[in-house]
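Chain by chain, the residues:
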Amino acid sequence: MSRGIKRTAIIFAAALLGIAGTYGYFSDTLKVTNHIALGDVNIGLQEYEKKGGTEVAYENPKTILPGAVLSKIPRITNYAMPCWIRARILFENNSPESEGLDEAMISGFTKNWVKRGEYYYYTQILKKRESVDFFQTVTIPASWTETHTDQRLGITVQAEAIQASNFQPDFSAMSPWGNQKIQKCVHEQDGTSVCKPEKTKLSVEFSGEAHKLMAVPGDFFSNMGTAMPGDIFEDTVAVSNTTKNEAEIFFRTSVEGQTDRQISLLKGIRLTVYLNEERVYRGTLDSPGLEKNHSLGVYQANQKGNLKFVLEIPEKWDNTYALQKAAVHWIFSVSETEEKENTENRQGTDARSSEAMAKDTGGREASSVKTGDQTGTEWYLLILLGSGILILAVVIRRKRRRRL
């Protein structure tokens, strides 16, 4: 009778373990840190002169005589993002009663310069590291006499630039740049800037080979390069499940580690996110509406989808935002249920899955692989309790028979 009760208990325990070993639960998380950087407009102005066919730096002051032709070459160089440039000439004269220098005495303007109002506008975009000469010579009138003796004269060239991105001057107008406010440049000392790299395909894959989430590249904003006011940038992330099991993929964002100034920058940039052409978010880049996990859908084996995003840089941003940088974390996580072939044969796979889940630091709680149907352990407890009650009933019934 005792052996019979033990055999019954073992049968129920084995049945319970058999059910629990049928399915496995797996999750993984990856973080993609996206960097955004605002560009700068940075030009330089140097002056040169020709001496014996050789070009040297321009020297001041000079003693001039009537009829002299001075070599004076103002050269404008662009050190940063592509830009439009303009320049004007300011004259100095310490003897207002005597004739001074004027624009009629200046010659050798290079092509593509047009005069509008007090400015000369260059009608071509000046690219990074490109230079252009403004004019070449200054001619002193031969008619000047002793009345100009000891007169001090000066020529000052003032050059200004505005971004080429999202701006098109109207050279037929009297003011080709409109009423744009000119501000002092804010730039790095070496005048370097980051240009847009060759476009890279973006992807998030739940890999069947590695059995984990994988992202290419590590920065989804890398194709954007350096942003300028008014830029609109869009790209698409290919989302796929290459495992043999059904998996649900989630998405959230985080600005953890950013300063108040960086968050302020992110709050100014508009972000729109589409999943398979359906809009799932529109707001600012700091993404307060995406702080919690949002499902990107349940993906069957080898199923693919597209996550499209659009970034809009405000047109009204000025030099106060030049060279500012910030980052936003995009966090993807996956939840997979896979059917087990055999509990004993899959111990090695379970151990690998457990190790992967221990690295889960995203929006989902880290956990190890759990055996058992996803309906929960409640059913197993009920089965175990039912088996105990049945065994107890058998014992009570047999005891009663003994008493009889």
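Whatever comes next refers back to the structure up there.
Note that the structure is predicted; figures quoted are calculated from it, not measured.

What counts and how
Residues numbered from 1 in each chain as written. Predicted model: local features only at pLDDT ≥ 70, side-chain atom pairs only at ≥ 80, totals over all residues. Heavy atoms only, no water. Helix = DSSP H or I, 4+ residues; strand = E, 2+ residues; numbered from the N terminus. Buried < 20%, exposed > 50% of the residue type's maximum accessible area, 1.4 Å probe, protein only. Contact = heavy atoms within 4.5 Å. Areas by Shrake-Rupley, 256 points an atom, 1.4 Å probe, with all protein chains shown as cover. Phe/Tyr/Trp six-rings, centres within 6.5 Å; stacked < 30°, edge-to-face > 60°. Lys NZ or Arg CZ within 6 Å of the ring centre and 35° of its normal. Pairing = 2+ DSSP bridges. Axes fitted to C-alpha atoms, helices over the stretch in contact; angles between N-to-C directions. Arc of directions from axis to C-beta.

K.L.:
I would appreciate a short explanation of the overall build of the chain in the present structure.
P.N.:
When helices and strands are tallied, the chain shows four helices and 23 strands. Residues classed as buried in the chain amount to 41% of the 404 residues present. Once local pairs closer than 6 in sequence are excluded, the contacts in the chain between residues at least 24 apart make up 81%. Element-wise, carbon and sulfur atoms account for 51% of the exposed surface of the chain, whose accessible area totals about 23,100 Å².

K.L.:
I tried to follow the packing of aromatic side chains on my own but got confused; where do I start?
P.N.:
The geometry of an aromatic ring pair is captured by the separation of the ring centres together with the interplanar angle, meaning the angle of the planes. One pass over the full model with this rule turns up 19 aromatic pairs. Residues Phe-109 and Phe-134 carry aromatic rings whose centres are separated by 5.5 Å and whose planes lie at 75 degrees to one another, so their mutual orientation is edge-to-face. Taken together, the positions of Phe-109 in the loop between strand E7 (106–107) and strand E8 (113–116) and Phe-134 in the loop between strand E10 (131–133) and strand E11 (137–139) put the pair 25 residues apart, joining distant regions of the chain. A connected cluster of aromatic rings, assembled from ring pairs, spans Phe-220, Phe-221, Phe-233, Phe-251, Phe-309, Trp-330 and Phe-332. Of note, Lys-62 hangs over the ring of Tyr-58, and the distance from its end group to the ring centre comes to 4.9 Å. Across from the ring centre of Tyr-58, 4.1 Å away, lies the NZ or CZ of Lys-72, which sits over that ring.

K.L.:
Explanation requested: the environment of Gly-67 in the structure shown.
P.N.:
The topology assignment puts Gly-67 in the loop between strand E3 (54–57) and strand E4 (69–71). Taking the C-alpha atoms as reference, Gly-67 lies 8.1 Å from Trp-144; in sequence the two are 77 residues apart. Aside from chain neighbours lying at most four places away, what touches Gly-67 is Ile-140, Pro-141 and Ala-142.

K.L.:
Just to check I follow, could you spell out the sheet that holds strand E19 (residues 278–284) for this structure?
P.N.:
Strands pair in a sheet through their backbones, by hydrogen bonds, and they do so in one of two ways: parallel or antiparallel. Reading across from one edge, E14-E13-E16-E21-E18-E19 is the order of the six strands in this open sheet, with mixed pairing throughout. Bordering the open sheet on either side are strand E14 (212–216) and E19, each of which pairs with just one other strand. Neighbouring strand axes in the sheet, compared pairwise and without regard to direction, differ in orientation by 15 degrees on average. Pairing between strand E13 (residues 202–207) and E14: five bridges, direction antiparallel. Bridging across to E14, Glu-205 finds its partner in Met-214.

K.L.:
What am I meant to see in helix H2 (residues 260–268) here?
P.N.:
Every α-helical turn comprises 3.6 residues, leaving residues that sit three or four positions apart pointing alike. Looking at H2, one finds that the buried residues are Ile-263, Leu-265 and Leu-266. All buried residues of H2 fall inside an arc of 155 degrees around its axis, so they share one side. Among the exposed residues of H2, those oriented more than 90 degrees off its buried face are Asp-260 and Arg-261.

K.L.:
What's the story with the side chain of Lys-72 in this structure? I'm lost.
P.N.:
Topologically, Lys-72 is positioned in the loop between E4 and strand E5 (73–78). Judged by its relative accessible area of 4%, Lys-72 falls in the buried class. If we skip the residues at most four places from it in the chain, Lys-72 touches Glu-47, Tyr-48, Tyr-58, Phe-135, Gln-136, Thr-137, Val-138 and Ile-155.

K.L.:
Help me understand the sheet that holds E5, please; the structure alone is not making it clear to me.
P.N.:
Spatial ordering of the open sheet is given by E3-E2-E5-E10, a layout of four strands whose pairing is antiparallel. Both outer strands of the open sheet, E3 and E10, are each paired with one neighbouring strand and no more. With direction set aside, neighbouring strand axes in the sheet form an average angle of 35 degrees. Both strand E2 (residues 43–51) and E5 contribute to a ladder of six bridges, which runs antiparallel. Each residue of the ladder has a partner; that of Ile-43, found in E5, is Asn-78.

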